[in-house]
Amino acid sequence: MRKYSFLEPITVGHMTLKNRVVMTAMARHIATADGFITERYCRHYRAAAEGGTALIIPGIMAVDSTWPYISNNQPWLDDDKFLPGLTRFAAEMHAAGAKVAYQLWCSGLAGTTRSIDDFTLADIARLQQKYLEAARRCKQAGADAVEFHIAHTYLPGQFLSPAWNHRKDQYGADCVENATRFSVECMEQIRDKLCDAHFDLLVKINGADFVTGGVTPQWSAAACSLLEQAGAAMFTVNGGGALAKITDMSDDGHRPEGWKVYLAEEIRKQVHVPVAACGSIRHYDYADRIIREGKCDLIAIARGLFAEPAWVQKAAEGREDEARRCISCMFCFTSVPEGVAGCSVNPYAKREKDDPGVVKNGAGRRVAVVGAGPAGLEAAYRLALRGFDVTIYEKDSAIGGLTRLAAVPDGKQKLLWLADYYARQISRLGIHLALGRAVSAEEIAATHPYAVFVATGSQELTPPIDGIARAKSVRALLRGEIACKPGARMVVLGGGLTGLEAARLAQTQGCAVTVLEMLPENPGANLETKLALGYARTAGVSVRYGHKVLAVTPDAVLAETNDGDCTVDADEVILAMGLRPDNALAQQLEQKQLRVYRIGDCDHAVKISSAVQSGCDAAQALQ
Ligand SMILES: Cc1cc2nc3c(=O)[nH]c(=O)nc-3n(C[C@H](O)[C@H](O)[C@H](O)COP(=O)(O)O)c2cc1C
């Protein structure tokens, strides 16, 4: 078994952490709308605590709930009425063997127009009092520490950053001393009035804002020296944020593993307390190496522990192959209702109470899974764990389904990690895999399966539009079957995620691409779509909303808009107008009176998250 450096204990302030893995804060939107911690909230974090994480820092907690922007369904800290929930949470983390730090947060300008430039000294003093009172409640609730949140361009980060702080007084950003004054004063009060052998003060800070005039590694390192004197017992170092680029805070797949570790390294040279590196740290070997090389003392993981709460435990038990890996898909930024998984790869994320554990009553009964996309793979995995004898049938020569195509555009390659994970489980659990040939209902029936899980996916939707037969499949484009001739005019019909990604791919290969989308541009679209739109436009794709396609002619596409009809010249037309379930096999099997479960796209067109969840739930429900 490997002796990973991150499994070694470490002292942080007065705490002894049993290992060096910190769950760094991640807002989850599962407290009540009026700031109370819920059962669901506790269960969610307990998964990571039970999974061996040494220190749990739950997401932002508002020090002032009357502030104009407080994010929805996060815990609040500005009233003693929140103490019971905070106390229960801390007790549950302790019972699971983890330490707890609550993150003190105020958005400042983010989400509002209220600039710190306009704060009076009385405003500043009032806010500092709010921080102190919030920290007092955290201590009273039994937390081991508070984390003073200077990162991600929220209030203290705005004071720190010359990009947002234009004040001319002693809180201005003309020098590091002044720029850190707001935080230093808050922290000194917390240190002097609250910190003791049972309560520490931690800091999360940007090593860089990655915006013009913003915090640089040198500026941040100098600030950390002062913050250390003000009581910081540990620094977690990240970058980017709400007023900067969100993908610099949490990368969306375009960045390599640990691309911000150098920021932690820079700060570590300046301070004498432990420093946690943060940002896209996913692999055990990598985490081990950066500690051994002295780049950081701890590893701070957010989404990786969302995807795999037992990340630490699996390393400690030599079960590395069983760890799911965050694919940086950004779905976790989407608020999801109760009962829906908040993570693409972990079907129980944020719905931990639905996890029945492994009920091992498959008793070798034979089950067939048709289709090796995420839904089928997850179903096969759960069924095999439960002791069923599982065979996966897949017509392609490799597993992964549509994720293999979705992984083609630049920056999407981490999607392949999902199929890699299932490939490891297939060999570990002895799942039979029949690749490279479409299986018929008769063949399946002949094996007398106890149940069949049909995950045959979807087919591309072809709407009844004049001349649509000339349009080619977006899947063919992603498979590289359509030559993108330099300068060729391509029109992509449909501006959903797939259409935008495919358009960007073709544009970067030399085509001049226009996307036509019938709906108006939606400023409330989910983050994944917004990012895909941004990348497409940056690559030079022309994305036109409010264009209803009327006809495809031999050399153009005709569309109707609010301003009248228009013609867009097209040498090549690509169809990306949605999907319809491919359920022919499911129907045939149902007619044979077999026990059939439709999952994933075969049931209705879904995202990776709901495909994985549907495969999981159907497999767990099999009696
Ligand atoms: C959905 C989401 C919510 C987040 N909320 C917080 C937060 O409440 N406080 C915070 O300090 N960082 C927050 N972050 C940033 C993470 O803590 C972390 O610094 C960042 O995602 C990089 O680490 P990772 O690649 O391990 O996710 C959030 C990130 C995500 C994806």
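Here the structure is a predicted model, which means the values were calculated and not measured.

Caption draft 1: Representation of the overall build of the chain in the model. Across its full length, the chain holds 21 helices and 26 strands. For 623 residues, the compact-globule estimate of 2.2 N^0.38 gives 25 Å, and the C-alpha radius of gyration of the chain, at 26 Å, lies within 12% of that figure. On the principal axes, the C-alpha backbone points of the chain span a range of 75 × 65 × 45 Å. Across the 623 residues that make up the chain, the buried fraction comes to 60%. Here the contacts in the chain between residues at least 6 apart in sequence split such that 73% fall between residues at least 24 apart. Computing the positive centroid from 68 side-chain charges and the negative centroid from 71, the chain places the two 4 Å apart.

Caption draft 2: Representation of the site of the ligand in the model. Surrounding the ligand, one finds 22 residues, the nearest of these being Ala25, Ala27, Ser250, Ser280 and Arg303. His149 has a polar side-chain atom sitting 3.2 Å from an oxygen atom of the ligand. Within the side chain of Arg303, a nitrogen or oxygen atom sits 2.7 Å from an oxygen atom of the ligand. Contact with the protein chains removes 97% of the 600 Å² of surface that the ligand exposes when unbound.

Caption draft 3: Region of interest: the domain arrangement of the chain. For the chain, the assigned domains are domain 1 (8-302), domain 2 (366-460 + 580-621) and domain 3 (468-577). Listed per partner, the contact involves 10 residues of domain 2 and 11 residues of domain 3. When the two sides are added together, the surface that domain 2 and domain 3 hide from each other amounts to roughly 960 Å², 52% of it contributed by carbon and sulfur. Applying the counting rule to domain 2 against domain 3 returns 2 salt bridges.

Caption draft 4: Here's a closer look at the packing of helix α13 (residues 374-385) against helix α21 (residues 608-621). The geometry of α13 relative to α21 is characterised by a closest axis approach of 7 Å and an angle of 30° between their N-to-C directions. Relative to α21, the element α13 lies roughly parallel. Considering the relative orientation of α13 and α21, their crossing is right-handed. Contact residues: Pro374, Ala375, Glu378, Ala379, Arg382 and Leu383 in α13; Ile608, Ala611, Val612, Ser614, Gly615, Cys616, Ala619 and Gln620 in α21. Residue classes in the contact of α13 with α21 are distributed as 9 nonpolar, 3 polar and 2 charged.

Caption draft 5: Examining the packing of helix α6 (residues 181-193) against helix α7 (residues 217-229) more closely. Their axes nearest at 9 Å, the elements α6 and α7 cross at an angle of 25°. Judged on the interaxial angle alone, α7 and α6 are roughly parallel. Where α6 crosses over α7, the two elements pack in a sense that is right-handed. The residues of α7 that touch α6, namely those facing Ser183, Val184, Met187 and Arg191, are Leu226, Leu227 and Gln229. Residue composition of the contact of α6 with α7, grouped by class: 4 nonpolar, 2 polar and 1 charged.

Caption draft 6: Summary view of the sheet that holds strand β15 (residues 451-454). Spatially, the 5 strands line up as an open sheet ordered β14-β13-β12-β15-β26, and their pairing is parallel. In this open sheet, the two strands that pair with only one neighbour each are β14 (432-435) and β26 (596-598). Adjacent strand axes in the sheet meet at a mean angle of 15°, parallel and antiparallel pairs treated alike. The pairing of strand β12 (residues 366-370) with strand β13 (residues 389-394) spans 5 bridges and is parallel.

What counts and how
- Residues numbered from 1 in each chain as written.
- Predicted model: local features only at pLDDT ≥ 70, side-chain atom pairs only at ≥ 80, totals over all residues.
- Heavy atoms only, no water.
- Helix = DSSP H or I, 4+ residues; strand = E, 2+ residues; numbered from the N terminus.
- Rg over C-alpha atoms; globule rule 2.2 N^0.38 Å.
- Buried < 20%, exposed > 50% of the residue type's maximum accessible area, 1.4 Å probe, protein only.
- Contact = heavy atoms within 4.5 Å.
- Lys, Arg positive; Asp, Glu negative; His and termini not counted.
- Charge placed at Lys NZ, Arg CZ, Asp CG, Glu CD.
- Near = heavy atom within 4 Å.
- Polar contact = N/O pair within 3.5 Å; in protein donor to acceptor, adjacent residues only side chain to side chain.
- Areas by Shrake-Rupley, 256 points an atom, 1.4 Å probe, with all protein chains shown as cover.
- Domains from an automatic or database assignment.
- Buried area = accessible area lost by both parts, 1.4 Å probe.
- Salt bridge = Lys/Arg side-chain N within 4 Å of Asp/Glu carboxyl O.
- Axes fitted to C-alpha atoms, helices over the stretch in contact; angles between N-to-C directions.
- Parallel < 35°, antiparallel > 145°, perpendicular 65-115°, else oblique.
- Left-handed = near helix turned anticlockwise from the far one by under 90°.
- Nonpolar A, V, L, I, M, F, W, Y, C, P; charged D, E, K, R; others polar.
- Pairing = 2+ DSSP bridges.

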